[in-house]
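# Architecture at a glance
Residues per chain are reported as follows:
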Amino acid sequence: MTILDGKALAAKIKEQTAKTTAELASQGKRQPCLAVVLVGEDPASQIYVRNKHNDCVTTGIKSLMHTLPADTKQEDLLSLIDSLNADDGVDGILVQLPLPKHLDEKTVTERISASKDVDAFSAYNVGKITLGRGGFKPCTPAGIMRLLEEYNIEIAGKECVVVGRSNIVGKPMALLLLAAGGTVTVCHTKTADLAYHTRRADILIAAAGRADLIKGDMVKEGAVIVDVGMNRKDGKLCGDVNFEECAAKASYITPVPGGVGPMTRAMLLENTLTAYTNK
Ligand code: NAD
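How each quantity is defined
Residues numbered from 1 in each chain as written. Predicted model: local features only at pLDDT ≥ 70, side-chain atom pairs only at ≥ 80, totals over all residues. Heavy atoms only, no water. Helix = DSSP H or I, 4+ residues; strand = E, 2+ residues; numbered from the N terminus. Buried < 20%, exposed > 50% of the residue type's maximum accessible area, 1.4 Å probe, protein only. Contact = heavy atoms within 4.5 Å. Pairing = 2+ DSSP bridges. Axes fitted to C-alpha atoms, helices over the stretch in contact; angles between N-to-C directions. Parallel < 35°, antiparallel > 145°, perpendicular 65-115°, else oblique. Nonpolar A, V, L, I, M, F, W, Y, C, P; charged D, E, K, R; others polar. Near = heavy atom within 4 Å. Polar contact = N/O pair within 3.5 Å; in protein donor to acceptor, adjacent residues only side chain to side chain. Areas by Shrake-Rupley, 256 points an atom, 1.4 Å probe, with all protein chains shown as cover. 1 Å grid on protein atoms, 1.4 Å probe; cavity = no way out; pocket = protein on both sides within 12 Å on 5 of 7 lines; lining within 4 Å. Points joined across faces, edges and corners; volume = space filled by probe spheres on them. Expected span 1.5 Å × (residues − 1). Arc of directions from axis to C-beta.

A few words now on the environment of leucine 176. Mapping leucine 176 onto the fold places it in helix 7 (residues 170-179). Taking relative accessible area as the criterion, leucine 176 reaches 6% and is therefore assigned buried. As for leucine 176 and proline 141, which are separated by 35 residues in sequence, their C-alpha atoms are 7.5 Å apart. Apart from the residues lying within four places of it in its own chain, the contact partners of leucine 176 are Ile129, Lys137, Pro141, Ala142 and Met145.

This part is about the environment of asparagine 54. By the secondary structure assignment, asparagine 54 is in helix 2 (residues 43-59). On the accessibility criterion, asparagine 54 (39% relative accessible area) is partly exposed. In sequence terms asparagine 54 and alanine 179 are 125 residues apart; their C-alpha atoms lie 33 Å from each other.

The three strands are arranged 3-2-4 in an open sheet whose pairing can be described as parallel. Pairing within the sheet leaves two strands with one partner each, and these edge strands are strand 3 (62-68) and strand 4 (92-95). Strand-to-strand twist across the sheet, computed as the mean angle between neighbouring axes with direction ignored, equals 15 degrees. When strand 2 (residues 33-39) meets strand 3, the two strands line up parallel, connected through seven bridges. Within strand 3, the residue paired with cysteine 33 across the bridge is lysine 62. Against the sheet, helix 3 (residues 74-86) makes contact with strand 2, strand 3 and strand 4, and its axis sits at roughly 180 degrees relative to strand 2, the strand it touches most.

Bringing the packing of helix 6 (residues 139-150) against helix 10 (residues 260-278) into the picture now. The geometry of helix 6 relative to helix 10 is characterised by a closest axis approach of 8 Å and an angle of 105 degrees between their N-to-C directions. The angle between helix 6 and helix 10 falls in the class roughly perpendicular. Contact residues: Cys139, Thr140, Ala142, Gly143, Ile144, Arg146 and Leu147 in helix 6; Val260, Met263, Thr264, Met267, Leu268, Glu270 and Asn271 in helix 10. Taken together, the residues of the contact of helix 6 with helix 10 break down into eight nonpolar, four polar and two charged.

In this section: the site of the ligand. Of all residues adjacent to the ligand, which total 22 residues, the nearest are Arg165, Ser166, Val228, Met230 and Thr264. Within the side chain of serine 166, an N or O atom sits 2.5 Å from an oxygen atom of the ligand. The side chain of threonine 264 places a nitrogen or oxygen atom 2.8 Å from an oxygen atom of the ligand. Protein chains shield 74% of the accessible area of the ligand, which is 860 Å² for the free molecule. Tallying contributions element by element places helix 10 first for the shell around the ligand, with three residues.

Our next topic: empty space enclosed by the protein. Applying the stated rule across the entire model yields one cavity of 30 Å³ or more. Contributing to the lining of the largest cavity are Leu94, Val95, Thr109, Ile112, Asp117, Asp119, Phe121 and Ser122. For the lining of the largest cavity, the residue count by class is four nonpolar, two polar and two charged.

Turning next to the sheet that holds strand 11 (residues 252-253). One open sheet holds the six strands; their spatial order is 1-11-8-7-5-6, and the pairing between them is parallel. Each edge of the sheet is formed by a strand with only one pairing partner; in this case those strands are strand 1 (2-3) and strand 6 (183-187). The pairing of strand 5 (residues 159-163) with strand 7 (residues 203-206) spans four bridges and is parallel. The partner of valine 162 across the bridge, within strand 7, is isoleucine 205.

Further remarks concern helix 3. Over its 13 residues, helix 3 runs 18 Å from end to end, which matches the ideal 18 Å to within 8%, given 1.5 Å per residue. Those residues of helix 3 that sit buried are Leu77, Leu78, Leu80, Ile81, Leu84 and Asn85. Around the axis of helix 3, the buried residues are gathered within 155 degrees of arc, so they sit on the same side. For helix 3, exposure combined with an orientation more than 90 degrees from the buried face picks out Glu75 and Ala86. On its buried side, helix 3 packs onto strand 2, strand 3, strand 4 and helix 4 (105-111).

Further remarks concern helix 1 (residues 6-26). When the terminal C-alpha atoms of helix 1 are compared, their 30 Å separation across 21 residues agrees well with the 30 Å that a helix rising 1.5 Å per residue should span. Among all positions of helix 1, only Gly6, Leu9, Ala10, Ile13, Thr17, Thr21 and Leu24 are buried. All buried residues of helix 1 fall inside an arc of 110 degrees around its axis, so they share one side. Exposed residues on helix 1 whose side chains face more than 90 degrees from its buried face are Lys7, Glu15, Lys19 and Ser26. For helix 1, the secondary structure elements touched by its buried residues are helix 2, helix 6 and helix 10. At the N-terminal end of helix 1, a side-chain oxygen is found 3.2 Å from the backbone nitrogen of lysine 7, two or three residues along, and the residue is aspartate 5. Two residues or fewer after helix 1 comes glycine 28, characterised by a positive phi angle close to 75 degrees.

See below:
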């Protein structure tokens, strides 16, 4: 069994990003820039945003932080996005989700220009992925694809099972696996017999957000198992997969932490660089 080491690969990607930005600086070029907007004081969001800021700082990407109060009016948030859209010095824009209840996430994320939508949550970018026409890929599924590629894991012809159908993980993950030639099944809360599907998986992506959902008797011998889940159990971070039971059968498996999480962050940096280069 081999651990899919997302932490190590993310470190390599960050090193490469830092090299690229250093080259740009030595040529007297503008620094790539990511604008991050945080509304309110959700503690988890504050940590995510701080991590993204630190990643930018350590890789030579300029990080513009906009922290707004929880009672920010939608029109004020939209006008901030408009001004970031219009700012030639800003390459990528990320609005940290979830937003406070009175703000409409759909309207807000759709307002970000497609060319700066480095989180790739807009209908335009999702449509491009669906049609196989390039565009930004959402960071978590993109990070998983990179991790599989790094370990030379073949996708074409494989049975791929994705547990979860959210717009930010499950659905785009299924589309990327499909584009890579996988035979894809998407499971969700209405799936009648989850284990029937997971047992058939050559590549299993667990993205349900339920601790211990995937047990050892639900996976096939030799399966590649990617655990996207980030759950708390007895105060400890854990995924959706029972690691001990599943690792005993898997050919490859991601740990939590140190698997998908660092890759998600690394892909945000890459998308920001791509947005810069596209200009
Ligand atoms: P979500 O709640 O939006 O979606 C969860 C999906 O799982 C839903 O489609 C639901 O139908 C399905 N599901 C839930 N319980 C199920 C069950 N018992 N059986 C079958 N399907 C079930 O969550 P999300 O935003 O897609 O995130 C999923 C998990 O991944 C969460 O734990 C989240 O914290 C984590 N996450 C991690 C990263 C990372 O970088 N590591 C990034 C994004 C999300």
